[in-house]
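What follows is the residue order along each chain.
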Amino acid sequence: MKYNSLLVTGGCGFIGSNFIRRTLAQTNARIVNLDKLTYAGNTANVADIAGNPSYSFIHGDICDGRTVHAIIHEHAIDCIVNFAAETHVDRSIANAAPFIATNISGVQILLDEARRANVKRFLQISTDEVYGSQHDGENADEFAPLQCGSPYSASKASADLLCRAYWKTYQFPVVITRCTNNFGPFQHPEKLIPLAISRALAGNEIPVYGDGLQRRDWLYVEDHCEALLTVIEKGIDGEVYNIGTGYQRTNVEVINSLLHATGITAQLIRHVQDRPGHDRLYAVDAAKIHRLGWRQKHSFEQGIVDTVAWYRANGAWMKEILSGEYSQYFAKQYNELQGHGVLEKD
Ligand code: NAD
Ligand code: TYD
């Protein structure tokens, strides 16, 4: 790896924890993980690497410039990988404020501290959702317009524009990646795939918004992490790279694949009220990152089998989350969609 000392923000979340684990295993880089430990941050996600001498954890907020400044200087950080974000579309619809604070102001603070310290590479982890919904057969390339459909995606697109401006104005070496929907180990059960697995394994109904024919492109998290390492090494300053697989599936197809992998034959799909402003289709053109030499290694089906196996083997991890803040969130979110306290086994 070209860089010696990485600041990874949001490393106690889903993708960040997978990225840290992989980077420690594959490179000689030292990693500092800065995480606020919001409801989505979980130290259990990095428990197995806590004792690694190349790794350290700092509990803190990317919006706190003094903390960011101190870390960059004390650890001689030469590369920042920013995963830290509020990430759930439904929560952004309920309350956009924390999305603006972390996903926009937090990025501005990170950029300013990094620029003043001459950090050599800044990787902003963005999303394909910034392009908004695509028409059938269309794949957004990196020049497609930003047509955000949710407060979440609007906050991510704002950060992308700030990054672009810091490149243009100060030649600060920013690279942006826009990946599709990730799945795999350590994903919080508020998101579709782990939500469906946890409910199915408990014999509970799975809430499907609207007709369930909305489509996403699905990316196994390990393939995503490999793509990020490729961009860190080979990406060109100021550029944007889409990361996607072409594994487009409707939500109903995803759930049926999961049920098949669990061996559950019961009909558990429960259609509920649709998400407001729900984007029908996300799809990207990934030709540019292919030219850097990256290709996904997992088929969609293999990723699903591996993911189901991981959640089966990690019931205690899931139980801990389901019994905390999330139980109140779930009751409120889904009872409102239903109108009554339903969505239980019977
Ligand atoms: P996640 O919700 O699992 O984790 C986010 C992490 O960021 C948590 O550990 C949380 O504690 C931390 N965090 C939040 N606010 C913070 C702050 N102010 N300071 C420091 N830490 C803070 O998210 P994820 O699914 O791992 O997503 C990681 C990144 O990838 C995000 O930027 C997200 O927008 C992007 N992304 C995710 C997906 C996906 O499918 N999960 C798809 C496209 C893009
Ligand atoms: P999600 O995992 O929230 O990711 P995103 O909205 O960022 O794509 O949702 C994936 C798809 O699954 C999306 O079309 C919304 C749908 N969905 C449901 O149908 N039911 C649910 O309970 C959730 C959380 C999502």
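Bear in mind that the values here come from a model prediction, so they are computed numbers and not experimental data. (Residues numbered from 1 in each chain as written. Chains lettered and ligands numbered in written order. Predicted model: local features only at pLDDT ≥ 70, side-chain atom pairs only at ≥ 80, totals over all residues. Heavy atoms only, no water.)

Trainee: Looking at this structure, I do not really get helix α10 (residues 300-313). What am I missing?
Mentor: In this model, α10 (14 residues) spans 20 Å end to end at C-alpha, consistent with the 20 Å of a helix rising 1.5 Å per residue. All buried positions along α10 are accounted for by Phe300, Gly303, Ile304, Thr307, Val308, Trp310 and Tyr311. Each buried residue of α10 sits inside an arc of 160° when the element is viewed along its axis, so together they form one side. Those residues of α10 hidden inside the fold are in contact with β7 (181-183), α6 (192-201), β9 (215-220), β11 (248-250), α8 (251-262) and α11 (315-322). (Helix = DSSP H or I, 4+ residues; strand = E, 2+ residues; numbered from the N terminus. Expected span 1.5 Å × (residues − 1). Buried < 20%, exposed > 50% of the residue type's maximum accessible area, 1.4 Å probe, protein only. Arc of directions from axis to C-beta. Contact = heavy atoms within 4.5 Å.)

Trainee: Whenever I open this one, the side chain of His188 confuses me. Can you help?
Mentor: Of note, His188 is situated in the loop between β7 and α6. Contacts of His188, omitting those with residues within four sequence positions, involve Tyr39, Ala40, Arg91, Pro194, Trp317, Ile321 and Tyr326.

Trainee: What am I meant to see in the side chain of Asn182 here?
Mentor: Here Asn182 shows up in strand β7. On the basis of relative accessibility, which here comes to 6%, the residue Asn182 falls in the buried class. Of note is the side chain of Asn182, whose polar atom sits 2.7 Å from the side chain of His224. (Polar contact = N/O pair within 3.5 Å; in protein donor to acceptor, adjacent residues only side chain to side chain.)

Trainee: Help me out: how do you make sense of the nonpolar core in this one?
Mentor: Nonpolar side chains tend to gather and get buried jointly when the protein is soluble and globular. The biggest cluster of nonpolar side chains holds 69 residues, and the ones touching the most others in it are Leu6, Phe19 and Val81. Top contributing element to this core by residue count: helix α7 (residues 221-234), with 7 residues. Contacts of Val81, omitting those with residues within four sequence positions, involve Leu6, Leu7, Val8, Thr9, Phe19, Leu123, Ile125 and Ile232. Core analysis: the next-biggest nonpolar cluster, separate from the first, contains 29 residues, Leu7, Ile80, Tyr131 and Val174 among them. (Core = buried A, V, L, I, M, F, W, Y, C linked by side-chain atoms within 4.5 Å.)

Trainee: How should the pattern of salt bridges be read in this particular structure?
Mentor: Between side chains of opposite charge, a pair can form when the charged atoms approach closely. In total, this model carries 16 salt bridges according to the counting rule given. Notably, a salt bridge pairs Arg215 with Asp136, separated by 2.5 Å at the nearest N-O pair. Placement of the pair is Arg215 in strand β9 and Asp136 in the loop between β5 (121-127) and α5 (151-170), with a sequence separation of 79 residues. A residue is classified by how much of its surface remains accessible, and Asp136, at 60% relative accessible area, is exposed. Across the pair Asp211 and Arg280 runs a salt bridge, and its minimum N-O distance is 3.0 Å. Taken together, the residues Asp211 in the loop between β8 (206-209) and β9 and Arg280 in the loop between β12 (269-272) and α9 (287-291) connect sequence positions 69 residues apart. (Salt bridge = Lys/Arg side-chain N within 4 Å of Asp/Glu carboxyl O.)

Trainee: How should the packing of aromatic side chains be read in this particular structure?
Mentor: Here a ring pair, both rings aromatic, is described through the centre-centre distance and the interplanar angle of the planes. Scanning the entire structure with this criterion turns up 16 aromatic pairs. Ring centres of Phe99 and Tyr152 lie 6.4 Å apart, and the angle between their planes is 80°; this geometry places the pair in the edge-to-face category. One end of the pair, Phe99, is in helix α4 (residues 97-116); the other, Tyr152, is in helix α5, with 53 residues separating them in the sequence. Seen from their ring centres, Tyr326 and Phe330 are 6.1 Å apart, and the 55° between their planes marks the pair as tilted. Taken together, the residues Tyr326 and Phe330, both in helix α12 (residues 325-338) and 4 residues apart, mark about one turn of the helix. Phe330 shares its class with Tyr326; the two are buried. The ring of Tyr39 has Arg91 lying over it, and the distance from NZ or CZ to the ring centre is 3.6 Å. The cationic tip of Arg115 hangs over the ring face of Tyr170; the distance from NZ or CZ to the ring centre is 3.7 Å. (Phe/Tyr/Trp six-rings, centres within 6.5 Å; stacked < 30°, edge-to-face > 60°. Lys NZ or Arg CZ within 6 Å of the ring centre and 35° of its normal.)

Trainee: Looking at this model, I keep getting lost on the sheet that holds strand β6 (residues 174-179). Mind explaining?
Mentor: Strand pairing in a sheet takes place through backbone hydrogen bonds and is either antiparallel or parallel in direction. The strand order across the open sheet formed by 7 strands is β3-β2-β1-β4-β5-β6-β10, and the pairing between neighbours is parallel. The outermost strands of the open sheet, each flanked by one partner alone, are β3 (55-59) and β10 (240-243). Pairwise comparison of adjacent strand axes, ignoring direction, gives a mean angle of 20° for this sheet. This element, helix α2 (residues 65-74), spans β1 (5-9), β2 (30-35), β3 and β4 (79-82) of the sheet and lies at about 175° to β2. Contacting β1, β4, β5 and β6, α4 runs over the sheet at an angle of about 165° to β5. (Pairing = 2+ DSSP bridges. Axes fitted to C-alpha atoms, helices over the stretch in contact; angles between N-to-C directions.)

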